[in-house]
Amino acid sequence: MLNLRHCFLCFILICTLASCTERIDFAVSDIEPKLVITGYICTEPGTYAIHLSSSGNFFGKDSLKKYDNAVVSINDYQLENDPNNHGTYITKSDFCAVEGETYTLKVLLDFNSDGVEELYTSTVVAPHTVPLRNLILQQLSNEAGASILPLATLIIFQDPIGPNYYGAHLYLTTARDSNSSYQKYHISNTPSKYVMNMFSSDVEDGSLIFYPAYLISKRMLYTPLDTLTIYPLDTFELELNNHSQEYFEFLKQASDASSGSNPLFMSPSGVMRGNIDGGALGAFGVYTVSRLKEVMPFAENTWTDEQMILRFGVNWREKFPKEESQ
């Protein structure tokens, strides 16, 4: 039986948890251009990037300048220029952080073109992974004969004692129609919205958390111009991230700015705060990953016969006979 207090709090926060570690370009108005450094690494092996650009006016029409002539390193491991993206420096594909270890980003760049390289640094500690215990596709309607959709992706995890900074990603493996192969889509690729782990004092800190991270409807928004239809046998993958505090706080400011809830760009005092020393804007961070998958079940009264034929062909009942769905 789920803890009702947990669920009440979670549903208040449901709209504020979403995708986490997207590249962020931002602008500030009426101030001299500054170097902008953004990027992160993860405890999972992969290729990670640090982006260098210049800030610009909020209402300016010029694209932000990129910098390919810097020396960028993490704990003295030198990153390489990305040949496909200006101003981007990447690690090897097997690079990963280690939980609890300290990582220092260094950027050497003659930003003001005075012939002298400036040094920009940022130091963070990799957080510990918070494992997902369970992922439940929770039906929201209890009405008899109702569609199984919409659903909530309810994640269950043990919150470690002390402050933690969570975000989540949602991935969907689906097909466009019966003639298409299944592909994995990153559903939460819109500007990130985060919730800080506020359970740090009286009640929830160190508790077993029940969190409805995403709402699943029959049609999911993939891009502003595209949606994906959900069908039985589609797979949902929920990724829980635990972030280093400084980068999390930077992402939260970016999320607030992108949603218009905070006029961060209205004056020089409204510049987004980061954790880059040396006079640059932006932030550097580390995050962890824990994932679970769940398959979309079939349920009567959810899809029409025409829809099931479109996905599975005219013999779709062979996959989902009535006696197995009741």
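Every value quoted in this text rests on a predicted model; they were computed, and no experiment measured them.

S.K.: I'd love a proper account of the nonpolar core, names of residues and values included.
M.R.: Counting 36 residues, the largest nonpolar core has Leu-35, Ile-37, Ile-41, Leu-52, Val-72, Val-107 and Phe-284 as its most contacted members. Secondary structure elements with two or more residues in this core: strand 1 (35-42), strand 2 (49-54), strand 3 (71-74), strand 7 (102-109), strand 8 (118-125), helix 2 (245-258) and strand 18 (281-295). Those residues within four positions of Leu-35 in sequence are excluded, and the remaining contacts are Leu-52, Ser-53, Tyr-67, Leu-109, Phe-111, Tyr-120, Ala-280 and Leu-281. Among the nonpolar cores identified, the runner-up in size contains 35 residues, and Ile-148, Ile-216, Ile-230 and Trp-303 belong to it.

S.K.: Which residues make up helix 3 (residues 305-312), and what values go with them?
M.R.: Within the span of helix 3, buried status applies to Met-308, Arg-311 and Phe-312. End-on view of helix 3: buried residues confined to an arc of 75°, all on one side of the axis. For helix 3, the elements touching its buried residues are strand 11 (165-174) and strand 16 (226-229).

S.K.: How would you sum up the pairing of strand 10 (residues 151-158)? Please name residues and give values.
M.R.: For a regular strand, side chains alternate in direction, first toward one face of the sheet and then toward the other. Burial analysis of strand 10 places 7 of its 8 residues in the buried class, the great majority of the element. For strand 9 (residues 132-139) and strand 10, the ladder comprises 7 bridges, and the chain directions are antiparallel. The residue of strand 10 that forms the bridge with Ile-136 is Leu-154.

S.K.: Tell me about the sheet that holds strand 7, residues and numbers included.
M.R.: With antiparallel pairing, 4 strands are arranged side by side in an open sheet as 4-3-7-8. The outermost strands of the open sheet, each flanked by one partner alone, are strand 4 (77-78) and strand 8. Looking at chain direction, strand 3 and strand 7 are connected through 4 bridges and run antiparallel. Across the sheet, the residue bridging to Val-71 is Leu-108, located in strand 7.

S.K.: Please provide a residue-by-residue account of the sheet that holds strand 10, values included.
M.R.: On the basis of which strands lie adjacent, the open sheet formed by 3 strands has the order 9-10-14 and antiparallel pairing. Edge positions in the sheet fall to strand 9 and strand 14 (208-216), since each has one partner strand and no second. Between one strand and the next, the sheet's axes are offset by a mean angle of 25°, whatever the strand orientation. In terms of strand pairing, strand 10 meets strand 14 through 8 bridges, oriented antiparallel. Residue Leu-154 lies in a different strand from strand 14, and its bridge partner there is Pro-212.

S.K.: Report on the packing of aromatic side chains, specifying residues and quantitative values.
M.R.: The tally for this structure, following the rule as stated, stands at 13 aromatic pairs. On the basis of an interplanar angle of 65° and a centroid distance of 5.3 Å, the ring pair of Tyr-40 and Tyr-287 is categorised as edge-to-face. Placement of Tyr-40 in strand 1 and of Tyr-287 in strand 18 is noted, with a sequence separation of 247 residues between them. Through pairs of rings, three or more aromatic residues link up here, namely Tyr-40, Tyr-48, Tyr-247, Phe-250 and Tyr-287. Note that Lys-184 overlies the ring of Tyr-171, its terminal NZ or CZ placed 4.9 Å from the centroid.

S.K.: I'd love a proper account of unusual backbone geometry, names of residues and values included.
M.R.: Cis peptide bonds are those with omega within 30 degrees of zero, and the linkage from Leu-149 to Pro-150 qualifies with 10°. Residue position: Pro-150 is located in the loop between strand 9 and strand 10.

S.K.: Could you give an account of the state of the cysteines, with specific residues and numbers?
M.R.: Following the criterion strictly, the structure yields 0 disulfides and no others. Not engaged in a disulfide, the cysteine Cys-42 finds its nearest cysteine sulfur in Cys-96; these two sulfurs lie 8.4 Å apart. The buried category is assigned to Cys-42, whose relative accessible area is 0%.

Definitions and cut-offs
Residues numbered from 1 in each chain as written. Predicted model: local features only at pLDDT ≥ 70, side-chain atom pairs only at ≥ 80, totals over all residues. Heavy atoms only, no water. Core = buried A, V, L, I, M, F, W, Y, C linked by side-chain atoms within 4.5 Å. Buried < 20%, exposed > 50% of the residue type's maximum accessible area, 1.4 Å probe, protein only. Helix = DSSP H or I, 4+ residues; strand = E, 2+ residues; numbered from the N terminus. Contact = heavy atoms within 4.5 Å. Arc of directions from axis to C-beta. Pairing = 2+ DSSP bridges. Axes fitted to C-alpha atoms, helices over the stretch in contact; angles between N-to-C directions. Phe/Tyr/Trp six-rings, centres within 6.5 Å; stacked < 30°, edge-to-face > 60°. Lys NZ or Arg CZ within 6 Å of the ring centre and 35° of its normal. Disulfide = S-S within 2.5 Å.

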